[in-house]
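# A closer look at the structure
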Amino acid sequence: MRHAVGIVFLLGAGLTGVAVAEPQFAGHWTGTYRCQGQPEAKMALEIAPSERPLHEGVFTFDAAGVKGSYTVTGRAQSNGQFTIVARTWVDQPEGFRALGLRGRIGSDGQSMDGSLQGCPNGNFVATRLPSAGKVASQVQPMRLPEGDATPPVSFGGAIGGALAEATSAEAQCRALAGWYAPAVGPRRFDGMPSHQIIEAIAPLFVDETFEPVFGIPVTLLDETESRAVGHFIKQTCYGTLGMEPYRNVFSDAFRSPAYVGRITAIHERQAEAARWAAATREELAGIRIAGADALEKLRVVDAGIARSRLPDEATAPLRAEAAALRVELETAARNAKTASLIADLRNVGENLDQGHLGTALRVADQARASDLAPEQITQVVDAARHKAAAILEPRLIAAAGLATDLPASLDGLKQARAALRPFEQYRASMDKTFGSIDPDGTLAPLYRRIRDLESDPAVLAELQTALSEAAQGERPREAVETLGAQVSGPNGWSAGTGALVSAARDQAEIAAVLVEDRSTNPDPAEPTAREIAAFALQRVRAASARMADMESACTSGRITDPVAAMACLANPAVWTGQTGSGATLLRVTKLGCVPEHAQAQYRCTFVQEIRIDIAGGEAFAAGRWSDLSQQLSSGEAVDARFIRAPSGWSIVWGDLR
């Protein structure tokens with residue numbers, strides 16, 4: 001009977017028939033019941049004997065060890081059909097609500113079956129037990145008028161039902177007491193505010209319970225009839241016949257038509273709430289088959305529940321159903337996402353050159369960035385790892401197999417580096433996503449072979465020759481960089497190859513500079529035009545490095561020194577966001593050298609032509625500044641002092657700088 005906490009009052013049909021004799025309805029019944037999707041539970045139903053059409057009783061259940069009970073009121077017809085409605089809890093476990101029953105007593109009078117109202121496809125079966133003493137002992141006793149000595153009261157108007165059929169005033173009072181006793185239960189209404197009293201007794205005024213006693217629906221009761229009933233309860237039942245008054249609650253309810261109006265309004269609200277709840281449940285049921293936009297539709301329903309302005313007890317079951325549906329939909333969405341990602345992996349090929357490894361990495365990253373459950377993320381990442389291994393393993397084995405076949409030459413070093421290059425673009429991603437691109441060390445033989453080649457004097461000599469030829473050929477800078485890239489690894493060059501490439505870069509830089517010697521009668525020991533150009537080149541490189549450092553500092557946002565900040569305001573990178581400014585040495589013309597110490601120290605004069613490139617200079621109107629700098633450096637002679645040292649020339653600027 002788990003659904004939500006609350007009380008259900010059924011709208012029964014055909015309640016005006018003659019009551020079945022006591023042996024057919026009253027008694028102790030035991031059996032089982034089941035709601036859809038829930039295990040079978042045990043039930044016991046105690047129906048007390050009654051001289052009235054209505055019978056009081058207690059329903060007890062045991063659902064997987066969770067026990068509870070509540071009072072009920074029921075009515076049977078001559079054909080054995082009956083309706084039982086829930087009343088008040090005797091023992092309510094958390095998360096359960098009281099439910100009604102509708103069914104039929106078997107022809108033998110010893111069995112009953114039917115539907116359990118308020119749970120999907122609910123049903124029950126029960127059999128009668130032999131009498132075990134007092135039945136329905138938990139129903140609260142009530143002090144009622146005894147005997148039938150007082151003539152009945154005629155209420156006039158439309159009042160009928162049990163009140164009109166009773167043959168004495170005592171019987172009329174007992175009929176009224178039997179009608180309102182289920183609402184009293186263990187309460188006496190002492191200290192209860194009036195609005196709570198109205199809420200407590202409102203279920204008695206539903207047509208199924210009210211009309212059998214009064215012969216008229218409460219909505220058709222006029223003020224005169226209502227006051228007559230209230231006066232009878234107070235003056236006759238309570239006052240003359242001594243029935244327990246219960247703080248005059250029921251006499252006051254009839255004597256004040258406003259009470260009846262408020263009760264009717266409660267019923268209308270409950271009916272409206274029931275219609276709204278039914279419509280909302282239909283929406284929730286439809287959402288389950290809504291497809292991709294199910295969660296969005298559920299958010300709309302959630303918003304509608306929040307705006308309903310109904311009491312919490314009315315919306316709580318729907319909120320619980322919506323929350324359960326949200327869990328169901330989110331779980332289904334995560335399951336679908338997991339299946340989709342794994343399908344992506346299953347459908348992708350195993351060709352490294354066609355980017356299939358990138359797909360495996362992307363799927364793993366998507367899983368880790370998603371809202372999948374941890375075990376689902378692990379499932380997808382493991383599948384991606386297996387796919388990556390299937391793509392890489394053949395290529396890793398093939399690359400490692402080259403180790404024994406590579407010649408001890410520059411070409412062998414190039415081949416080894418080329419064999420590793422397809423893996424390099426994925427190395428960082430593989431390390432981050434799966435821990436390593438080569439977890440089993442398959443490439444270790446190839447790495448050892450590369451180290452051997454990079455330390456082989458013959459291979460280094462061959463590389464030096466090739467770099468020198470590249471530095472002196474056409475487009476020397478590009479040629480040197482291309483050859484350097486062919487022998488470099490992910491971390492650059494080894495010490496031996498790196499030194500050769502660095503020297504070749506210097507050669508290429510100088511080779512790209514137009515060097516001219518206009519000196520006359522040079523001393524064979526003085527610096528050559530090319531040595532002067534090498535000095536100028538180092539100065540230009542240093543200037544480019546300073547420009548790059550300035551751009552980096554100015555665009556970092558970390559400048560706090562006021563002087564440096566003012567200098568940054570003149571840097572185009574701050575305004576354009578473009579970086580990469582630098583200077584390029586184009587031409588060096590040696591004009592001549594004067595010996596200051598023969599064979600040891602010379603003062604040389606030369607002209608250097610420099611191109612200064614300002615990133616974003618055009619947008620910053622810096623083009624004219626660049627031209628001016630170039631013209632000044634091109635048209636001005638500079639000098640430097642060259643001092644011979646064991647490792648070459650030691651050089652300082654002269655006065656003309």
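Small disclaimer: the values here were computed from a predicted structure and weren't measured.

### Comments concerning the overall build of the protein chain
Looking only at helices and strands, the protein chain has 21 helices and 13 strands in total. The buried share of the protein chain, reckoned over its 657 residues, is 42%. Excluding contacts between residues fewer than 6 apart, the proportion of contacts in the protein chain whose partners are at least 24 apart in sequence is 64%. Taken as a whole, the protein chain presents about 33,400 Å² of accessible surface, with 53% of it coming from carbon and sulfur.

### A few points about the sheet that holds strand β3 (residues 55-63)
Pairing within the closed barrel is antiparallel, and its eight strands lie in the order β1-β2-β3-β4-β5-β6-β7-β8. For this sheet the average axis-to-axis angle between neighbouring strands, irrespective of direction, equals 30°. Where strand β5 (residues 81-91) meets strand β6 (residues 100-105), four bridges bridge the pair, whose relative direction is antiparallel. Within β6, the residue paired with F82 across the bridge is G103.

### Quick word on the state of the cysteines
What we call a disulfide is simply a covalent bond connecting the sulfur atoms of a pair of cysteines. Tallied over the entire structure, the rule returns three disulfides. There is a disulfide in this structure between C173 and C237, and the S-S distance comes to 2.0 Å. Judged by the torsion about the S-S bond (-95°), the C173/C237 disulfide is left-handed. You can see C173 sitting in helix α3 (residues 169-184) and its partner C237 sitting in helix α6 (residues 223-240), a full 64 residues away along the chain. Accessibility expressed as a relative area gives 0% for C237, which makes it buried. In this model, C554 is linked to C568 through a disulfide, with the two sulfur atoms separated by 2.0 Å. Here the S-S torsion is close to -80°, and the disulfide linking C554 with C568 is therefore left-handed. Residue C554 is located in helix α18 (residues 529-556), and its partner C568 is located in helix α19 (residues 562-569); the two are separated by 14 residues in the primary sequence. The class for C554 is buried, based on a relative accessible area of 12%. In this structure C568 comes out as buried when scored by relative accessible area, which is 7%.

### Notes on the side chain of T209
Mapped onto the secondary structure, T209 falls in helix α5 (residues 207-214). At 3.3 Å, the side chain of T209 and the side chain of R87 are in polar contact. Ignoring anything within four residues of it in the chain, the contact list for T209 reads R87, W179, P203 and L204.

### Re the packing of helix α11 (residues 356-369) against helix α12 (residues 374-401)
Contact geometry of α11 with α12 gives a least axis separation of 9 Å together with a crossing angle of 170°. With respect to α12, the element α11 is oriented roughly antiparallel. Viewed along their axes, α11 and α12 form a crossing whose handedness is left-handed. Across from H356, L357, A360, V363, A364, A367 and R368 in α11, the residues of α12 making contact are I377, V380, V381, A384, K387, A388, I391 and L392.

### Some thoughts on the packing of helix α8 (residues 257-287) against helix α9 (residues 294-306)
Remark: α8 packs on α9, axes separated minimally by 10 Å, with the N-to-C direction vectors making an angle of 165°. Between α8 and α9, the crossing angle belongs to the class labelled roughly antiparallel. Between α8 and α9 lies a crossing of left-handed hand. Between α8, through W276, T280, E283, L284 and I287, and α9, the contact on the second element is made entirely by A294, K297, L298, V301, G304 and I305. Its residues assigned to classes, the contact of α8 with α9 comprises seven nonpolar, two polar and two charged.

### Quick word on the sheet that holds strand β9 (residues 514-517)
The strand order β9-β10-β11-β12-β13 describes an open sheet built from five strands, whose pairing is mixed. In the strand order of this sheet, the two ends are held by β9 and β13 (648-653), each with one partner. Between one strand and the next, the sheet's axes are offset by a mean angle of 30°, whatever the strand orientation. Bridging between β9 and strand β10 (residues 582-597) involves four bridges; their strand directions are parallel. Bridged to E516 within β10 is T589. Against the sheet, α18 makes contact with β9, β10, β11 (601-613), β12 (637-645) and β13, and its axis sits at roughly 135° relative to β10, the strand it touches most.

What counts as what
Residues numbered from 1 in each chain as written. Predicted model: local features only at pLDDT ≥ 70, side-chain atom pairs only at ≥ 80, totals over all residues. Heavy atoms only, no water. Helix = DSSP H or I, 4+ residues; strand = E, 2+ residues; numbered from the N terminus. Buried < 20%, exposed > 50% of the residue type's maximum accessible area, 1.4 Å probe, protein only. Contact = heavy atoms within 4.5 Å. Areas by Shrake-Rupley, 256 points an atom, 1.4 Å probe, with all protein chains shown as cover. Pairing = 2+ DSSP bridges. Axes fitted to C-alpha atoms, helices over the stretch in contact; angles between N-to-C directions. Disulfide = S-S within 2.5 Å. Polar contact = N/O pair within 3.5 Å; in protein donor to acceptor, adjacent residues only side chain to side chain. Parallel < 35°, antiparallel > 145°, perpendicular 65-115°, else oblique. Left-handed = near helix turned anticlockwise from the far one by under 90°. Nonpolar A, V, L, I, M, F, W, Y, C, P; charged D, E, K, R; others polar.

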